[in-house]
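Summary of structural features
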Amino acid sequence: MERTVIIPALNPDEGLREIVERNWELENQIILVDDGSDKKYERLFWELGGEVYCSAS
């Protein structure tokens, strides 16, 4: 059964990478919500894959 996991994050650390990778292993669909993080985190969100949405600019 496929699950969709929505993960909101604001200025995330590398712990987000571990959470996302674990969900990929479980074959879950992942939606990351950039909840207004600084620009320096933009690359991390895109590296992690899944769908990325930005709730604030």
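Anyway, here's the lowdown on the structure attached to this text. (Residues numbered from 1 in each chain as written. Predicted model: local features only at pLDDT ≥ 70, side-chain atom pairs only at ≥ 80, totals over all residues. Heavy atoms only, no water.)

Inspection of the entire model under this criterion finds five salt bridges. Between Glu42 and Lys39 there is a salt bridge; the shortest N-O distance is 3.6 Å. Residue classification places Lys39 among the exposed residues on the basis of a relative accessible area of 69%. Through salt bridges with shared partners, a single ionic network connects Glu14, Arg17, Arg43 and Glu47. (Salt bridge = Lys/Arg side-chain N within 4 Å of Asp/Glu carboxyl O. Buried < 20%, exposed > 50% of the residue type's maximum accessible area, 1.4 Å probe, protein only.)

Grouped together as the largest cluster of nonpolar side chains are 11 residues: Ile7, Ala9, Leu16, Val20, Ile30, Leu32, Tyr41, Leu44, Phe45, Leu48 and Val52. When residues of this core are traced back to their parent elements, those giving at least two are strand S1 (4-9), helix H1 (15-25), strand S2 (29-34) and helix H2 (42-48). Here this core takes three residues from H2, the largest share from any one element. What Ile7 contacts, discounting residues up to four positions off in sequence, is Leu16, Ile19, Val20, Ile30, Ile31, Leu32 and Val33. (Core = buried A, V, L, I, M, F, W, Y, C linked by side-chain atoms within 4.5 Å. Helix = DSSP H or I, 4+ residues; strand = E, 2+ residues; numbered from the N terminus. Contact = heavy atoms within 4.5 Å.)

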